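Survey of secondary and tertiary structure
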Amino acid sequence: MPVFRQVGEKQLPNPILYMAWSPNRDLIALANTSGEYRIVMERVWSLLPNENTGKEITSLAWRPDGKVLAFSVGDTKQVVLCDAEKAEILHLFPVEYPASCMHWMEVQDDSRCEFLHREDLFSFSIDYLVSLIWFIFSSLKSDEVTNLLGEVRLNILVVGGPSGFVELYAYGLYKIATLSGISGTCRSLGLSSDLKSLSVITEIRSAEDNPEIHYIQLDTGLLSSCLPELTKMARKFTHISTLLQYLRLSLTCMCEAWEEILMQMDLRLTKFVQVRVHHIPELQALLMNQLTVKGLKMLGQSIDSSYSSIQKLVISHLQSGSEALLYHLSEVKGMALWKQKFQPLGLDPAAIEDAIVAVGSFTLKASELLQVIDKSMKNFKAFFRWLYVAMLRMSEDHVPPELNKMTQKDLAFVADFLSEHFSNEELFDRKGKYFNVERVGQYLKDEDEDLISPPNMEGNQWVTFVKQSTQLKDSPLLFPTYPQKSLHFVKRMMEGSIDLCLQKPAEVIGHSVTQAVCLRLYTVPERWNDKKAAMHYVVFCMPEISPSKIYILRRATDPNRSVPNGLVALNLNAPLNSSIDDETPAPTSADSSYSCLDARFYDDETLTVVLRSREDDENKMRVLAQLHLNSVLSWDEEFTWDLTLRLEQQTEGIPVQGLAWGNQSREMDNLKAQFVAVNGIRKVACVLSANLRHVRVFEMDAEEEEEEEERADESQEMSSDQDKLEDTMTNQSDAGEGGDGAGGAEVAQVAGQGSGDILDETAGSDTL
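Residues numbered from 1 in each chain as written. Predicted model: local features only at pLDDT ≥ 70, side-chain atom pairs only at ≥ 80, totals over all residues. Heavy atoms only, no water.

**Some details on the overall build of the protein**
The condition is simple: Numbering of helices and strands starts at the N terminus; helices are DSSP runs of H or I of at least 4 residues and strands are runs of E of at least 2. Only protein chains enter the accessibility calculation, which uses a 1.4 Å probe. A residue is then buried if its area is under 20% of the maximum for its type, exposed if over 50%, and partly exposed in between. We call two residues in contact when some of their heavy atoms are within 4.5 Å. With residues, only the protein chains shown are counted as cover, and all accessible areas are computed by Shrake-Rupley using a 1.4 Å probe.
Helix and strand content of the protein: 17 helices and 31 strands. Buried positions account for 55% of the 768 residues belonging to the protein. Sequence-distant contacts, at least 24 apart, represent 64% of the contacts inside the protein between residues at least 6 apart. If you sum the accessible surface of the protein, you get close to 33,300 Å²; carbon and sulfur atoms cover 50% of it.

Below, the structure is given as structure tokens:
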């Protein structure tokens, strides 16, 4: 007979708020009150809070392949995606409200999407090369974009929060829907694997200011009916989003290359200008004592190196990235013009065209920067050559013949260069005065101000030709230029246009989602999705009405399909030693009454629960049990639901099933168990104590061994101190089970204190 075998136990320094098993690996994520979260089991690491992420973790969710962990941060209102192998942040995005629950699902295999496996191979190869370039000039590794996208099959991260806030993110990156019309705070949610419906558990304040728990089923039929088109669009927009991030990092590298070297040059040459060229003694002292011949030579080499680095970044990254953006946006525009397929998803050809034009303007501005860099390199080389020769003569050193050969044209060029850059005293009173000398830096200034020294377009034959042509002057075929604006300014314009293009589908898809069912429950439940049977299951308790019962509500994922026997209650007043296969439950006895503290679906037919003996005066007896639901899920009695009443007002008509767990249980010695997280695929469970600092890990289907009888003795040494600690720290938790106040036991069972927001998205129990 299988038994529960303890395989680990750990005392933790900070209380655990959320825990979630990886769907297919022996890893469990734990988030504590200090904002730290750690991965334990096969390997152990932790990620400390920082200024970029924040420290108030509010929910956890694993990507279905177990490679990426998402966690939401309340104080910064962000969702962070982290590599489960390396503890590295892959991506983060802001949300309007702190997420109180999240659910990450993967769509079931659909033959309609087979064409994507072939078509996306080319896109993958392009992005892999792009990510290799990204690796050279940034901290982003070459495989991180691929890790973020995962497999070709679509996966969606669902984020819920207060004020009915619910958003859907394809691949955890691109927002494909913003839902409206949901009331209250989301406590639990889950999207069905066939994309036909979304189940949401919300907490709503009644007119008497009492919390009411509602079950809402939303019809997401558009996602299901347009799955191939949705997958194609989501992947394209995900590529676009990552390319935008790529361009941002490239600009950051350019700014760093400029700031480290060229600002030093500006400061030195500003002193050169302030002394004035005609003040010969002061100028000579400045050149010989501060700048020096050796310093001037090193400065010239540094400037040349920095210009070359920026030039390479523009050519290899900025231009290639903008060209890739144009490619993907042009493909999206082609999708939008295929109205029969993509118009229902909200693709707007006009908005996409505006985005393409904005990217074209950014490409032109990058080309303009290249011309400025090329001209500046020539100008500074000539200027430093002249200055170097002058300093050699002042120091009476030998001037090499190749440097001494300067024609009258060269001298005139140097004079014009000095006059152009150093004669305008008004520029020194303007913000960013170092731009007076260095013209490249003004393009990297992230401000709305015009360029201090814009390029001179007089004499440009193309500009003159366009101005004189009435047909070309306002032609939509030509990308507009912004000669007075910086590269950063044009980049922000481009990002704004692309954001508008990306937001439209999210609005259209969000408005297509309608409410199919709203049922008024009592307490915060857990939701479970059975992929095989296309069913939503909700498990909840009503401790004030029926403390020894667990209720199971089931709904079809297709809102248009009715389900018989939609509600049943499980009676927990059963002896521990009853056989699981007993068709007739044993009679209720005075010493076998239990209440449920936490429940999680272990697999399609098994519920894992943490029970507390109601007759235990010391409130210490806790039991971990497996409840097999085969007979329960095939009951015959129907329940007639009066939608005008809350469920707690009509409990008399709910069919009740007796249930026993036999040897499928284990008393939690020396542990005041309160919460549990399970992974049916890996056949493991993690139990958390009421004080949120003590965890135990169990193999649920291990073979019975004689050594197991000794495990209780191994932990007996810490029992005395542990009991005192738990008794002290759990008074509030026990008192909160009546529902008085936020953060009490009821809210903890749902929002997470032990199990996160927990949702079980199971076809084989992928516990999130």
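**Some details on the sheet that holds strand E26 (residues 665-667)**
Heads up, the condition is: Here a strand pair is declared whenever DSSP counts at least two bridges between the two strands. For helices, the fitted axis covers only the stretch in contact; all axes are lines through C-alpha atoms, and the angles between them, taken along N-to-C directions, range from 0 to 180 degrees.
Pairing is antiparallel across the open sheet formed by four strands, whose spatial order is E22-E23-E24-E26. Since the sheet does not close on itself, it has two edges, and those belong to strand E22 (594-603) and E26, each with one partner. In this sheet, neighbouring strand axes are inclined to one another by 15° on average, regardless of whether the strands run parallel or antiparallel. Sheet topology places strand E24 (residues 622-628) next to E26; three bridges connect them, and they run antiparallel.

**A look at the nonpolar core**
For clarity, the cut-off: Put simply, a nonpolar core is a bunch of buried Ala, Val, Leu, Ile, Met, Phe, Trp, Tyr and Cys residues held in one set by side-chain atoms that sit within 4.5 Å of each other.
The biggest cluster of nonpolar side chains holds 90 residues, and the ones touching the most others in it are Leu154, Leu168, Leu195, Met254 and Ile498. When residues in this core are grouped by element, the largest group, 17 residues, is from helix H8 (residues 349-394). If we ignore the near neighbours within four places in the chain, the residues touching Leu154 are Glu106, Val107, Ala170, Tyr171, Leu195, Leu227, Leu230, Thr231 and Ala234.

**Regarding the pattern of salt bridges**
We apply this condition: Put simply, a salt bridge is a Lys or Arg side-chain nitrogen that is within 4 Å of an Asp or Glu carboxyl oxygen.
The tally for this structure, following the rule as stated, stands at 19 salt bridges. Two residues, Glu167 and Lys175, come together in a salt bridge whose shortest N-O distance is 3.4 Å. The class of Glu167 is buried, set by a relative accessible area of 5%. Of the charged contacts in the structure, one is a salt bridge between Arg248 and Glu495, with a shortest N-O distance of 2.7 Å. Of the two residues, Arg248 is situated in helix H4 (residues 227-275) and Glu495 in helix H13 (residues 487-512); the sequence distance between them amounts to 247 residues. Judged by its relative accessible area of 31%, Arg248 falls in the partly exposed class. Connected through shared salt-bridge partners, Glu212, Arg520, Arg646 and Glu648 make up one network.

**Brief notes about the sheet that holds strand E12 (residues 166-170)**
Strand order across the open sheet formed by four strands is E10-E11-E12-E13, with antiparallel pairing between neighbours. Each of the sheet's edge strands pairs with one partner strand only, and the pair in question is strand E10 (101-106) and strand E13 (174-179). Shown here is a sheet whose adjacent strand axes are inclined to one another by a mean of 20°, direction ignored. When E10 meets strand E11 (residues 155-160), the two strands line up antiparallel, connected through six bridges. Bridging across to E11, Trp104 finds its partner in Leu157.

**Some words on the packing of H8 against H13**
Selection criterion: Roughly parallel means an angle under 35 degrees; roughly antiparallel, over 145; roughly perpendicular, 65 to 115; everything else is oblique. Whether a crossing is left-handed or right-handed is set by the direction in which the near helix is turned from the far one by less than a right angle, anticlockwise for left-handed and clockwise for right-handed. For this classification, Asp, Glu, Lys and Arg are treated as charged, while Ala, Val, Leu, Ile, Met, Phe, Trp, Tyr, Cys and Pro are nonpolar and the rest, including Gly, are polar.
Viewed as axis vectors pointing N to C, H8 and H13 meet at an angle of 165°, and their least axial separation amounts to 8 Å. Considering their axes alone, H8 and H13 lie roughly antiparallel with respect to each other. Considering the relative orientation of H8 and H13, their crossing is left-handed. Residue-level contacts link Ala351, Ile352, Asp354, Ala355, Ala358, Val359, Ser361, Phe362, Lys365, Ala366 and Leu369 of H8 to Leu487, Val490, Lys491, Met493, Met494, Ser497, Ile498 and Cys501 of H13. Of the residues belonging to the contact of H8 with H13, the class tally is 14 nonpolar, two polar and three charged.

**Quick notes on the pairing of strand E9 (residues 89-94)**
Across five bridges, strand E8 (residues 78-83) lies against E9 in antiparallel orientation. Within the sheet, the bridge partner assigned to Val80 lies in E9 and is Leu92. Hairpin connection of E8 to E9: five residues between the antiparallel strands, including Ala87 at a positive phi of 60°.

**Considerations on the confidence of the model for the protein**
Here is the rule: The quantity known as pLDDT measures the predictor's confidence residue by residue, on a range of 0 to 100.
Per-residue confidence for the protein gives a mean pLDDT of 75; residues scoring 70 or more make up 71%. Confidence, read as mean pLDDT per element, is least for helix H17 (residues 745-751) in the protein (24) and greatest for E11 (95). Counting interchain partners and residues more than four positions distant, the pLDDT-below-50 stretch residues 427-435 has 22 contacts. Confidence drops under a pLDDT of 50 for residues 704-712, and excluding neighbours within four residues, the segment shows eleven contacts in the predicted structure.

**A closer look at unusual backbone geometry**
One non-glycine residue, Lys77, lies in the positive phi region at around 50°. Within the fold, Lys77 resides in the loop between strand E7 (68-73) and E8. On the accessibility criterion, Lys77 (40% relative accessible area) is partly exposed.

**A look at the side chain of Arg696**
Just so we agree on the cut-off: The definition of a polar contact used here is a pair of N or O atoms within 3.5 Å, where within protein one atom must be able to donate a hydrogen and the other to accept one, and adjacent residues in sequence count solely through side-chain atom pairs.
Inspection of the secondary structure puts Arg696 in strand E29 (residues 694-702). Within the local environment of Arg696, its side chain forms a polar contact with the side chain of Glu9, the two groups lying 3.0 Å apart. Polar side-chain contacts of Arg696 include one of 2.6 Å to the backbone oxygen of Asp669.

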